[in-house]
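Residue strings, one per chain:
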Amino acid sequence: DAGITQSPRHKVTETGTPVTLRCHQTENHRYMYWYRQDPGHGLRLIHYSYGVKDTDKGEVSDGYSVSRSKTEDFLLTLESATSSQTSVYFCAIGDRFFQETQYFGPGTRLLVL
Amino acid sequence: AQSVTQLDSQVPVFEEAPVELRCNYSSSVSVYLFWYVQYPNQGLQLLLKYLSGSTLVESINGFEAEFNKSQTSFHLRKPSVHISDTAEYFCAVSVPLFKLSFGAGTTVTVRA
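Keep in mind that what you see is a predicted model, and the values were worked out from it rather than measured. (Residues numbered from 1 in each chain as written. Chains lettered and ligands numbered in written order. Predicted model: local features only at pLDDT ≥ 70, side-chain atom pairs only at ≥ 80, totals over all residues. Heavy atoms only, no water.)

J.: Help me understand the packing of aromatic side chains, please; the structure alone is not making it clear to me.
T.: Pairs of aromatic rings are described using the distance from one ring centre to the other and the angle between the two planes. Applying the stated criterion to the full structure yields 13 aromatic pairs over all chains. Aromatic side chains Phe104 of chain A and Phe102 of chain B sit 6.2 Å apart centroid to centroid with 80° between the ring planes, which places their arrangement in the edge-to-face category. Of the two residues, Phe104 of chain A is situated in strand β10 (residues 103-104) and Phe102 of chain B in strand β11 (residues 100-102); the pairing between them involves two chains. Owing to a relative accessible area of 8%, Phe102 of chain B belongs among the buried residues under this scheme. Chaining the aromatic ring pairs together yields one cluster made of Tyr33, Tyr35 and Phe104 of chain A together with Phe34, Tyr36 and Phe102 of chain B. (Phe/Tyr/Trp six-rings, centres within 6.5 Å; stacked < 30°, edge-to-face > 60°. Helix = DSSP H or I, 4+ residues; strand = E, 2+ residues; numbered from the N terminus. Buried < 20%, exposed > 50% of the residue type's maximum accessible area, 1.4 Å probe, protein only.)

Listed below in structure tokens is the structure:
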């Protein structure tokens, strides 16, 4: 298995609070991605990174920001959590830009009350 | 932009029976195609992929998928399923150098 960890694995928070999710890899892959998974929608891309300090928006980026200060870490921040952001969040990594296999982390279940 | 439609949201099947999961895509350019599997409470794992070459691709655990360009389809099949194949399956399409788009998923439940 690719070395990807996500923390925390579960989180309950209240509306309006900031939340940061962490993705850590030990594979030295250049590309990292954050997705959210919701029933009936599959996975939708939130943000991605193509290098240290190089990030871009995906299709559902509103309300989210990201940072990548080191190759191995990719942080996702919910600036002010809302109930619509209750979801399962997956981090993925890859060594070629969207072309080849993406390796997924175990996911973070987030509940916003 | 490309899009993916998985035609069945739930597929119940008996053990040792065949299963087919249907996936159609739309794109105006050439694509790469993937099937990912998600076992309960886990992340997604690549099952198989089509990048180029032979239109029939196989996985190590008995699944196969065929790329049909004229039908814009990439259906997944297995001739005989096991209880351990119970999972959610996602079809995905990628336009080279562009993002990966996932279908909504098909839940396969294998019953004894």
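Still to come is the rest of the account.
J.: When you look at the environment of Trp34 of chain A in this model, what are you seeing that I'm missing?
T.: All names here are of chain A. Note on placement: Trp34 falls in strand β4 (residues 31-38). Assessed through its relative accessible area of 0%, Trp34 is described here as buried. For the pair Trp34 and Gly58, spaced 24 residues apart in the sequence, the C-alpha separation amounts to 8.8 Å. A polar contact of 3.4 Å, which involves the side chain of Trp34, links it to the backbone oxygen of Phe74. (Polar contact = N/O pair within 3.5 Å; in protein donor to acceptor, adjacent residues only side chain to side chain.)

J.: Explanation requested: the pairing of strand β1 (residues 4-7) of chain A in the structure shown.
T.: On any regular strand, side chains alternate: one points to one face of the sheet, the next to the other face. Residues and elements named next belong to chain A. Burial along β1 is one-sided: Ile4 and Gln6 are buried, while Thr5 and Ser7, pointing the other way, are not. As judged from the four bridges shared by β1 and strand β3 (residues 19-25), these two strands associate in the antiparallel manner. Its bridge partner being in β3, Thr5 is matched across the sheet by His24. (Pairing = 2+ DSSP bridges.)

Nothing here speaks to function; it is geometry throughout.
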